[in-house]
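This is what each chain is made of:
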Amino acid sequence: MQAPSLLIVDLESGLKWSYICAMAQDSAILDEVVQNEYKYGFVTDIEQDLLPKGLSEDVIRFISAKKEEPEWMLAWRLKAYAQWLKMKEPMWSNVTHPRIDFQDIIYWASPRKKEGPASLDEVDPELLATFAKLGIPIEEQKMLTGVAVDIVLDSVSVKTTFQDKLAELGIIFCPISEAIREHPELVKQYIGSVVPTNDNYYSALNSAVFSDGSFVFIPKGVRCPIELSTYFRINARNTGQFERTLIIAEEGSYVSYLEGCTAPQRDENQLHAAVVELVAHTDAEIKYSTVQNWYPGDKDGKGGIYNFVTKRGVCEGPRSKISWTQVETGSAITWKYPSVILKGDHSIGEFYSVAVTNHMQQADTGTKMIHIGKNTRSRIVSKGISAGTSQNSYRGLVKVLKTSTGARNYSQCDSLLIGDACGAHTFPYLEVANKTATVEHEATTSKIGEDILFYCNQRGIDTEAAVALIVNGYAREVLNQLPMEFAVEAQKLLAISLEGSVG
Amino acid sequence: MTPILQITELTAGIEDREILKGISLTVNPGEVHAIMGPNGSGKSTLASVLAGRADYAVSGGSVLFNGKDLLELSPEERAREGMFLEFQYPVEIPGVSTANFLKTSVNELRKHRGQEPLAPAAFLAMMRERMKLVEMDQSFLSRSLNEGFSGGEKKRNEIFQMAMLEPTLAVLDETDSGLDIDALRIVASGVNALRTKENATIVITHYQRLLDHIVPDVVHVLWNGRIVRSGGKELALELEKRGYDWIKQESVEEV
């Protein structure tokens, strides 16, 4: 098993945590993620440069300037902003929340830069404490804080090895702000090509104000030898979070990319509106896995992240493949539909999802599979788990265009209810314009009832452990899609998200 | 000798309805007790109360299990202390394999006894050996627990679990319901093979035929929430011949 490499993106930017390292196989970060209560509820008290609340052209110019962006990027942002101003906030999802005041959000927050400290003693102890909570080893902390480290240190050699290894193969893996400066031709060509700026309200907003995100480029014929992973964290108060990820897999290449997310525990709701674009060329494959654990709010529904994200991939070339796997346990509201546009003939789109809602959480999530090329195939496996008084909706579109002869889709949408006060909803949309298409949809609803729990109790398994056992069994088909070290952690995360949901 | 189970004047019911109206029963190590009675006499309620099903409320009396106050324990604690209920209607758990379920269960019991979890290889070997007791095929291990199992397969799976958990007290609740004669024989021989001088079994049944295979030391007749008669195994034969009416008659006359 290859150790994954990791990119940490500080969404309030400023500090560029771009580094690649060999992670221990028992990924320390996810160990932390799955701690009992919402352990990520800490806030790091770091001196920050904050813009005043509100959004205007000046704010966008400020962000772009801070990022030292080229003129074309600023122009692109401003165009998106102009489009956004003309758009209306969408209201069609099966979730409810108070209207968001977009002038009440801070669009730029940056930790004050320090000139390269000589040792960790000079680094803001709060920042170090944050790293410790994240379970980042001391040597990596040095790298993150820009401390000059002796090159002979083992982990640094490892780091160099991986950087060299990736560079040798022509793989680019860096924050998108860096890519805009270092690889403008690639970014210019692809950004907005899958999710146009005016695709929807939140993609327009993201395009105007995105702070950072990650960029991956896998050249022709290269199979990325390690898992690439990015870890996102929201820290500042009142700030909106807008990251942007762009992954390009050239002809015949392969990459597996992992994304993890956490946020501090706060009483207020925070908006997270990301955009992820994937491009798979001929015979290329992109596997994108997410373990989303943004702060879900407390038991009474106070606080938590509004997670309004646009994720889309295009299978550009023949026989290309894009596979989305998501384990969604966090956020007060999750609203996203990782989608695949199947343009190339014989291309394949997959969507594997486990969405857990507990307490007052709401999730409206699913996928869109757009069949354009001939003999394209898609597979959707969605497992919703609702507990407490939460609402969990699957919403999926399978669209087969006239051109797509021989298209096939298989969808399976299962709902698991825990208790009597939660809800599960399924909204499948099928639009088929080609008679040769085969589209199958299966749905089931089941419940963890008293009988099953008592049976487990009678075999010595307490109720919490029984729920974990049952839920993991139920979600197994999706968890199996995750890289192994993630799957184990995701299992624990599922169990913990549902603690206290029964009895 | 401490009895494995000592029930004294137990009363219990569901909502406002009293079903058990004062049951006393002592089960010693090495013994097999049969509890018989017509439908609605309280047999399954007794099994549920012993296992700790939440629907039932105990209103009086006491139950000692290996000297401990059973009624103070949660259902999982009772199981970990060595109480096993063989379910009349075992549940199905999709996605959870029989092997995984049993591993979780066995390791919970081991943890309770201060033992390390069993290593996977040792656990697999143990499962393979004990499945033979009930002539179960190994393919069941990787199938979801009880999902798509026939009635007989579910009951054999229950006895297989009993073999893995090695309880000190097994309560078999209407094991024979829905079993054909071959499955009955297999299940019964499994139960017999698991009998030792240290453990005990309570067999709850409506019919005598199961007791041809699992021979009890004591037979109790439950009627209207009370044990109205106890005797040796010949009592079961008498019931088979004469039905329950004469017992009902007698106990009414006694009142």
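Note that the structure is a prediction, hence the values are computed from the model and not measured. (Residues numbered from 1 in each chain as written. Chains lettered and ligands numbered in written order. Predicted model: local features only at pLDDT ≥ 70, side-chain atom pairs only at ≥ 80, totals over all residues. Heavy atoms only, no water.)

**Notes on the overall build of chain B**
Stage number 1. If you tally the helices and strands in chain B, you get nine helices and 12 strands.
Stage number 2. Whereas a compact globule of 255 residues would reach a radius of gyration of roughly 18 Å, chain B reaches 18 Å, a difference of no more than 12%.
Stage number 3. C-alpha extents for chain B along the principal axes are approximately 60 × 40 × 35 Å.
Stage number 4. Sequence separation of at least 24 residues holds for 70% of the intrachain contacts in chain B that already meet a minimum separation of 6.
Stage number 5. Entry remark: accessible area of chain B is about 11,300 Å², with carbon and sulfur atoms responsible for 48%.
Stage number 6. Each charge sign in chain B was given a centre, from 28 positive and 37 negative side chains, and these centres are 4 Å apart. (Helix = DSSP H or I, 4+ residues; strand = E, 2+ residues; numbered from the N terminus. Rg over C-alpha atoms; globule rule 2.2 N^0.38 Å. Contact = heavy atoms within 4.5 Å. Areas by Shrake-Rupley, 256 points an atom, 1.4 Å probe, with all protein chains shown as cover. Lys, Arg positive; Asp, Glu negative; His and termini not counted. Charge placed at Lys NZ, Arg CZ, Asp CG, Glu CD.)

**Overview of the sheet that holds strand β4 (residues 56-65) of chain B**
Residue and element names in this part refer to chain B.
Stage number 1. On the basis of which strands lie adjacent, the open sheet formed by four strands has the order β2-β1-β4-β5 and antiparallel pairing. On the outer flanks of this sheet lie β2 (17-27) and β5 (68-69), each paired with one strand and no other.
Stage number 2. Looking at chain direction, strand β1 (residues 5-14) and β2 are connected through eight bridges and run antiparallel. Pairing of Leu 10 across the sheet is with Ile 23, part of β2.
Stage number 3. Strands β1, β2 and β4 of the sheet are contacted by helix α1 (residues 43-51), whose axis makes an angle of about 110° with β1. (Pairing = 2+ DSSP bridges. Axes fitted to C-alpha atoms, helices over the stretch in contact; angles between N-to-C directions.)

**Considering the domain arrangement of chain A**
All names here are of chain A.
Stage number 1. The domains assigned to chain A are domain 1 (12-41 + 462-503), domain 2 (49-315) and domain 3 (337-447).
Stage number 2. Each side of the interface is counted separately: domain 2 has 16 residues, and domain 3 has 20 residues.
Stage number 3. The tally of links between domain 2 and domain 3 comes to zero salt bridges.
Stage number 4. Taken together, the connections running from domain 2 to domain 3 amount to seven residue pairs in polar contact (both at pLDDT 80 or more).
Stage number 5. Here the residues of the side of domain 2 that touches domain 3 are counted per class, giving six nonpolar, five polar and five charged. (Domains from an automatic or database assignment. Salt bridge = Lys/Arg side-chain N within 4 Å of Asp/Glu carboxyl O. Polar contact = N/O pair within 3.5 Å; in protein donor to acceptor, adjacent residues only side chain to side chain. Nonpolar A, V, L, I, M, F, W, Y, C, P; charged D, E, K, R; others polar.)

**Concerning the state of the cysteines**
All names here are of chain A.
Stage number 1. The final tally for this structure, using the stated rule, is zero disulfides over all chains.
Stage number 2. Cys 224 forms no disulfide, and the closest cysteine sulfur to it belongs to Cys 174, at a distance of 13 Å.
Stage number 3. Overall, Cys 224 belongs to the buried group, its relative accessible area being 6%.
Stage number 4. Note on Cys 315: no disulfide assigned, nearest cysteine sulfur contributed by Cys 224 at a separation of 18 Å.
Stage number 5. The class for Cys 315 is buried, based on a relative accessible area of 0%. (Disulfide = S-S within 2.5 Å. Buried < 20%, exposed > 50% of the residue type's maximum accessible area, 1.4 Å probe, protein only.)

**Remarks on the interface of chain B and chain A**
Stage number 1. Each side of the interface is counted separately: chain B has 29 residues, and chain A has 17 residues.
Stage number 2. Taken over both partners, the interface formed by chain B and chain A buries close to 2,000 Å², and the fraction arising from carbon and sulfur atoms is 64%.
Stage number 3. At the boundary of chain B with chain A, the tally comes to three salt bridges.
Stage number 4. Here A:Asp451 and B:Arg53 are joined by a salt bridge, their closest N and O atoms 3.3 Å apart.
Stage number 5. The tally of links between chain B and chain A comes to 11 residue pairs in polar contact (both at pLDDT 80 or more).
Stage number 6. Residue assignment for the side of chain B that touches chain A shows that the elements contributing at least two residues are α2 (75-80), β6 (83-86), β7 (93-97), α3 (98-112) and α5 (151-165) of chain B.
Stage number 7. Counting residues per element, the side of chain B that touches chain A draws most heavily on α3(B), which supplies six residues.
Stage number 8. Split into classes, the residues belonging to the side of chain B that touches chain A amount to 16 nonpolar, seven polar and six charged. (Buried area = accessible area lost by both parts, 1.4 Å probe.)

**A short note on the packing of aromatic side chains**
Residue and element names in this part refer to chain A.
Stage number 1. As enumerated under the stated definition, the model contains 17 aromatic pairs over all chains in all.
Stage number 2. Measuring from ring centre to ring centre gives 5.8 Å for Tyr 306 and Phe 308, while their planes differ by 10°; the resulting arrangement is stacked. The same class applies to Tyr 306 as to Phe 308, namely buried. (Phe/Tyr/Trp six-rings, centres within 6.5 Å; stacked < 30°, edge-to-face > 60°.)

**As for the sheet that holds strand β10 (residues 200-205) of chain B**
All names here are of chain B.
Stage number 1. Read from one edge to the other, the open sheet built from six strands follows the order β6-β9-β10-β3-β11-β12, with strand pairing classed as mixed. In the strand order of this sheet, the two ends are held by β6 and β12 (226-231), each with one partner. If you compare each strand with its neighbour and ignore which way they point, the axes differ by 20° on average.
Stage number 2. Contacting β3 (32-36), β11 (218-223) and β12, helix α8 (residues 233-242) crosses the sheet at an angle of about 45° to β11.

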